[in-house]
Amino acid sequence: MSGYQKLDDDDAVKHRSGQIGRTTILGKNKKRSNSGHRWPITLMEVQLLRPHQSAPGPTKVGRWGKLSDSELLEVDFLSKDPSSLPNVLLEIPQTEALPEVEFAYDTSQTIGVKVRCVHCRYENHNRGFVLQFENGDRVLVGGTCGKKRYGADFQTLERDFEAARQRASYLKRRNQTLAHAATFRSALEQLPLHPAFVSYKKTKREFSRSVTALARALHDLPSDGQLYLPTKVRDFEAENRRYERWERQMGSLTKTEMATLQRGGKHLPPRGHIFRDSEEPHWKVKGIDFFQSTHSPDGELSSISQRAGSALANLAQMQNPKTFELRQFFQAMNDLLNVIERQTLRLNEMSSALEAANVAKIVEWAQKRLDKSYSFDGLVIRHTSDGAVAEFRVPNTIGFPDYSFVSDFRDQMNEVRNDGVRS
Ligand SMILES: [Zn+2]
């Protein structure tokens, strides 16, 4: 059974490095409970494979944990071409000392060729780590091979390295964000003042004032904006019931009664279709948000602008922020940027809503559902009530604000331009 063999090889490798844990063994036991006898054999093999060398000692605090924020900002975390570094050994040196993770590499993004792994002993990986010993010697190890060689200690080393790398990345992003914050904030404050937002609010208000009943009916539609109109459909069930009723009547007649019916030509089955009332889809209203929303986008944007402003001010004032606080800031700010874009795009909902074809279909519906007096000539909706004519004039479109500053700021905030790549 090859799967079994493979697992045992893994055990052996892990065990030589002194890190197989009880949970692993129990885990395997559980997995193999179907083939019962495997468990003691596995345990015995594990016992036999106890390492000759003693396991590496407890992890000391690595250099990554000791660096200050300003030092972290100066550090290279990635190596472009790890094989070209000085003092790269082809074999792991005979020492019990633990190396440090010095760099990560991903040569698929740089030189495009796999590099030799000290564990696999051939060019086996694009991604991996440069490990450095205290005397300056280096080895290159594939992404998952460090763990095979150094076990849990390597996971600690890798975690320290990745934590430092991530913090450095957040610190860089914080600096970039603060460098562009003032420009972003002033553009964001200006955004809701664009005439398109003013037009949105004004148009919505006028629509409600002039054709109030229609505005209310659209507001109350289900949010999919589907309009239905009454229609008649054939009621086949009713026709069947009528036929069966006739059959029963005929069956109960005497010959004389039947003859009378035949003479009058009244012995034939009932004819003619039966219809029932139904609803048929008429039109799916475009830009339904324009008719249904209660908050105008400029108001939403003003409140987002305040929140973004205070979040950025807070970021600037943070003394020695924790990494998780920085992560939370970027999550929250990215969410706000998405909302800014969504609110801006609501202007398109108004354009769709007021397209002549859309308004024409809505008015057709209103004529049948609400009041015959609704009309639309391509520009103006009219409605007569108590002899007074109310009019709603579809406005000309008023441009669209340039909101590219939002995605610019997203890039400035999220991109780590020089992610510690060592050339
Ligand atoms: Zn390897």
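Reading the values: rules and limits
Residues numbered from 1 in each chain as written. Predicted model: local features only at pLDDT ≥ 70, side-chain atom pairs only at ≥ 80, totals over all residues. Helix = DSSP H or I, 4+ residues; strand = E, 2+ residues; numbered from the N terminus. Buried ≥ 20, exposed ≤ 12 C-beta atoms within 10 Å, placed from the backbone. Contact = placed C-beta atoms within 7 Å. Core = buried A, V, L, I, M, F, W, Y, C linked by C-beta atoms within 7 Å. Pairing = 2+ DSSP bridges. Axes fitted to C-alpha atoms, helices over the stretch in contact; angles between N-to-C directions. Left-handed = near helix turned anticlockwise from the far one by under 90°. Parallel < 35°, antiparallel > 145°, perpendicular 65-115°, else oblique. pLDDT = per-residue confidence, 0-100.

J.: Requested: an account of the overall build of the protein chain, with residues and values cited.
T.: Within the protein chain one finds 15 helices and 12 strands. When each of the 423 residues of the protein chain is scored for burial, the buried share is 21%. A separation threshold of at least 6 residues defines the contact pool for the protein chain, and within that pool the share at least 24 residues apart is 76%.

J.: Could you give me a rundown of the nonpolar core, with the residues and numbers involved?
T.: The biggest cluster of nonpolar side chains holds 22 residues, and the ones touching the most others in it are V285, F291 and I381. Counting only elements with at least two residues in this core, the list comes to α7 (195-210), α8 (212-219), α11 (288-292), α13 (323-353) and α14 (356-369). Here this core takes four residues from α14, the largest share from any one element. Setting aside chain neighbours within four positions, we find V285 in contact with L218, L221, G225, L227, F291, N358 and I362. Counting residues in hydrophobic clusters, the runner-up holds 21 residues, among them W64, F129, C145 and F154.

J.: Account for the sheet that holds strand β9 (residues 375-376), naming residues and giving values.
T.: Read from one edge to the other, the open sheet built from three strands follows the order β9-β10-β11, with strand pairing classed as antiparallel. Strand pairing shows two members of the sheet lacking a second neighbour, β9 and β11 (388-393), which therefore form its edges. Here β9 runs beside strand β10 (residues 380-385); their pairing, made up of two bridges, is antiparallel. Each bridged residue has a counterpart across the sheet, and for S375 the counterpart in β10 is R382.

J.: An account of the packing of helix α6 (residues 152-190) against α13 is needed here, citing residue identities and associated values.
T.: In the contact formed by α6 and α13, the axes pass within 11 Å of each other and the chain directions differ by 35°. In the crossing of α6 with α13, the sense of the turn from one axis to the other is left-handed. Contacts between α6 and α13 involve Q166, R167, Y170, R173, R174 and L188 from the former and T323, L326, R327, F330 and I340 from the latter.

J.: How would you summarise the packing of α6 against helix α15 (residues 404-414) if you had to cite specific residues and measurements?
T.: Relative to each other, α6 and α15 sit at 165°, their axes nearing to 8 Å. Considered as vectors, α6 and α15 are oriented roughly antiparallel to each other. For the element pair α6 and α15, the recorded crossing hand is left-handed. Contacts between α6 and α15 pair R173, Q176, T177, H180, F184 and A187 from the former with F405, F409, Q412, M413 and N414 from the latter.

J.: Give a description of the pairing of β10 that names residues and reports values.
T.: Between the antiparallel neighbours β9 and β10 lie three residues, among them G378 with a positive phi of about 100°. Relative to β11, β10 is paired through six bridges, and the arrangement is antiparallel. Bridge assignment links T384 to a residue of β11, and that residue is V389. Hairpin remark: β10 followed by β11, antiparallel, with two residues in the connecting loop; positive phi at D386, about 50°.

J.: Break down the confidence of the model for the protein chain for me, with residues and values.
T.: The pLDDT averaged across the protein chain works out to 85; a share of 84% of its residues lies at or above 70. Taken as a whole, residues 1-60 scores under 50 in pLDDT and shows 43 contacts with residues more than four places along the chain or in a different chain.

J.: Describe unusual backbone geometry, with residues and values.
T.: Backbone geometry places N320, a non-glycine residue, at a positive phi of 50°. Inspection of the secondary structure assignment puts N320 in the loop between α12 (297-317) and α13. Its identity as a non-glycine residue notwithstanding, D386 has a phi of 50°, on the positive side. Among the secondary structure elements, D386 is positioned in the loop between β10 and β11.

J.: Tell me what's going on with the environment of I92, and back it up with residues and numbers.
T.: Structurally, the position occupied by I92 is in the loop between β1 (78-79) and β2 (100-106). Looking at I92, the number of C-beta atoms within 10 Å reads 16, which means it is partly exposed. It is 9.4 Å that separates the C-alpha atoms of I92 and L140, two residues lying 48 residues apart in sequence. Not counting chain neighbours up to four residues away, the residues in contact with I92 comprise V118, V139 and R149.

J.: Kindly report on the environment of R245, identifying the contributing residues and their values.
T.: Tracing the sequence through the fold places R245 in helix α9 (residues 236-251). Using a count of 11 C-beta atoms within 10 Å as the deciding quantity, one classes R245 as exposed. Expressed as a C-alpha distance, the spacing of R245 and P270, which sit 25 residues apart in the sequence, is 9.8 Å.

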